Amino acid sequence: MGVMRIVDSTGDSSVTWAIDDPVSVAEAEAVFARLAGERKIPFARTSGAPASDAERIRAFDPALEEIVWVRPIAGG
Amino acid sequence: MLGLPAIESIDDLADGRQLLVLHGGGEIVVGTARPYPHPVAGCEWLSARPRVHRAPRAVLPPRPDRPAATARAEALLESLLQPVQLADWRTTRHFWVDTPRGPVLLGDLYALVHQPNSEPGIERVLCVVPDRHTELPRADIWVNLLLVLAVEPDAFFRVAIQRGLRVRRA
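Think of each chain on its own: its residues are numbered from 1, step by step along the sequence as written. A letter from A marks each chain and a number from 1 marks each ligand, given out in the order of writing. At least 70 in pLDDT is required for a residue's local features to be given in this predicted model, at least 80 for side-chain atom pairs to be given and counted, and no such filter applies to totals for whole chains, interfaces and linings, which use all residues. Calculated side-chain values reflect all of the structure's heavy atoms, with hydrogen atoms and water omitted.

J.: Quick question: what am I supposed to make of the interface of chain A and chain B here?
T.: One frequent convention defines the size of an interface as the accessible area lost when the parts assemble. Note on definitions: a residue-residue contact is assigned when non-hydrogen atoms from the two residues lie within 4.5 Å. If you look at the interface, chain A gives 28 residues, while chain B gives 34 residues. Of all residues in chain A, the largest losses of buried area upon contact with chain B belong to Arg71, Ile73 and Gly76 of chain A, amounting jointly to 26% of the total for that side. Throughout this description, the term salt bridge denotes a Lys or Arg side-chain nitrogen within 4 Å of a carboxyl oxygen of Asp or Glu. Counting across the chain A and chain B interface gives four salt bridges. Across the pair Arg58 of chain A and Glu152 of chain B runs a salt bridge, and its minimum N-O distance is 3.4 Å. Accessible area, probed at 1.4 Å, shrinks when two parts are joined; the buried area is that loss added up over both.

Take a look at the structure:
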């Protein structure tokens, strides 16, 4: 089971998929494409791994355990 | 006994004080400042403007979902921290993130402390925020900056705006 966590005003919203469930994978892939279109930034990690072990990803891979989506940053 | 440097010139300032220009380049302002008209017609000094007393703000009750949002954001943040960072976060609400350009302290919004490797004696105070950050729980802001700093530090430093520069604390 994979999970996307998208930081937002609720803390984060989750989208899950099962690698053996094509429907959930397709839905997760669609969410990935939408968020990427919003310029949000995806980082993948194995579940519970620290940020230093995370990896920036460019495409959805259903084999990933966890994707954390954050927002673009700017100088304030 | 120390001798005073020679005075090269004395200039009268608009507020009644005098500027003494010393031999060798030093300058001293002496005297007592007194009010004088603003040099721009129609303007007045800030200190001369009447103070605006703002109406007290209404205290809104906390949104019912806020504690849950905060708890979720804190849990996500803590899951991303290394043990040392986690200990710092739980005790000080701050933590350091190592980068190739030197560590960055997260914990004060709009005032992120960077200790550049290339400048051992100083600290830079930087400001970087996520898009529409005011709608995020505070811990989510640190999640956002932590991941960018830890994985793509150049992206962080590329947009960072320096707010201050100071001598590094021990």
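J.: Which parts of the structure should I look at to understand the pairing of strand β3 (residues 41-45) of chain A?
T.: The two faces of the sheet receive side chains in turn, since in a regular strand these alternate between them. All names here are of chain A. For β3, the buried fraction is high: five of the five residues fall into the buried class. The alternating pattern of β3 places Ile41, Phe43 and Arg45 and Pro42 and Ala44 on opposite faces, both of which are buried. We call two strands paired when DSSP finds no fewer than two bridges between them. Elements are defined by DSSP. Helices are runs of H or I of four residues or more, strands are runs of E of two residues or more, and each kind is numbered from the N terminus. As judged from the five bridges shared by β3 and strand β5 (residues 66-70), these two strands associate in the antiparallel manner. Of the residues in β5, the one forming a bridge with Phe43 is Val68. Accessible area is worked out with a 1.4 Å probe on protein chains only. A residue is then buried under 20% of its type maximum, exposed over 50%, and partly exposed in between.

J.: What exactly am I supposed to notice about the sheet that holds strand β2 (residues 18-22) of chain B here?
T.: Sheets are built from strands that pair by backbone hydrogen bonding, the pairs being arranged parallel or antiparallel. All names here are of chain B. The three strands lie next to each other as β1-β2-β3, forming an open sheet whose pairing is antiparallel. Every interior strand has two partners, whereas the edge strands, β1 (7-12) and β3 (27-30), have only one. The sheet shows a mean angle of 20° between the axes of neighbouring strands, direction not considered. Examined bridge by bridge, β2 and β3 share four bridges and lie antiparallel to one another. Considered in β3, the bridge of Val21 is made with Glu27. Throughout, an axis means a line fitted to C-alpha atoms (over the contacting stretch in the case of helices), and angles, computed between N-to-C directions, take values from 0 to 180 degrees.

J.: Looking at this model, I keep getting lost on the side chain of His94 of chain B. Mind explaining?
T.: Residues and elements named next belong to chain B. Residue placement: His94 occurs in the loop between α2 (83-92) and β4 (95-97). Here Asp108 takes part through its side chain, which lies 3.0 Å from a polar atom of the side chain of His94. Excluding anything up to four places from it in sequence, His94 contacts Asp88, Trp89, Leu105, Leu106, Gly107 and Asp108. Pairs of N or O atoms are called polar contacts if they sit within 3.5 Å, as long as, within protein, a hydrogen donor faces a hydrogen acceptor (for residues adjacent in sequence, only side-chain-to-side-chain pairs).

J.: What should I look at first to understand the packing of helix α1 (residues 66-80) of chain B against helix α3 (residues 138-151) of chain B in this one?
T.: Between two packed helices, what matters for the description is the angle formed by their axes and the separation of those axes. All names here are of chain B. Remark: α1 packs on α3, axes separated minimally by 8 Å, with the N-to-C direction vectors making an angle of 30°. The pairing of α1 with α3 is recorded here as roughly parallel in orientation. Once α1 is placed against α3, the crossing between them reads as left-handed. Two secondary-structure elements touch here, α1 through Ala73, Glu74, Leu76, Leu77 and Leu80 and α3 through Ala139, Asp140, Trp142, Val143, Leu146 and Leu147. Taken together, the residues of the contact of α1 with α3 break down into nine nonpolar, no polar and two charged. In these notes the angle categories are as follows: under 35 degrees is roughly parallel, over 145 is roughly antiparallel, 65 to 115 is roughly perpendicular, and the rest is oblique. A crossing counts as left-handed when the near helix is turned anticlockwise from the far one by less than a right angle, and as right-handed when that turn is clockwise. Polar here means any residue other than Ala, Val, Leu, Ile, Met, Phe, Trp, Tyr, Cys and Pro, which are nonpolar, and Asp, Glu, Lys and Arg, which are charged; Gly is therefore polar.

J.: Is there a simple way to think about the packing of aromatic side chains in this case?
T.: Describing an aromatic ring pair means giving the distance of the ring centres and the angle of the ring planes. Working definition: rings of Phe, Tyr and Trp (its six-membered ring) pair if their centres are within 6.5 Å, and the pair is stacked with planes under 30 degrees apart, edge-to-face with planes over 60 apart, and tilted otherwise. Under the definition given, this model contains five aromatic pairs over all chains. With centroids separated by 4.8 Å and ring planes inclined at 70°, the aromatic side chains of Phe32 of chain A and Trp69 of chain A adopt a geometry described as edge-to-face. With Phe32 of chain A in helix α1 (residues 22-37) and Trp69 of chain A in strand β5, this residue pair connects regions lying 37 residues apart in the sequence. Its relative accessible area of 5% is what places Phe32 of chain A among the buried residues. Centroid distance Trp89 of chain B to Phe95 of chain B: 6.0 Å. Interplanar angle 80°. Geometry classified as edge-to-face.

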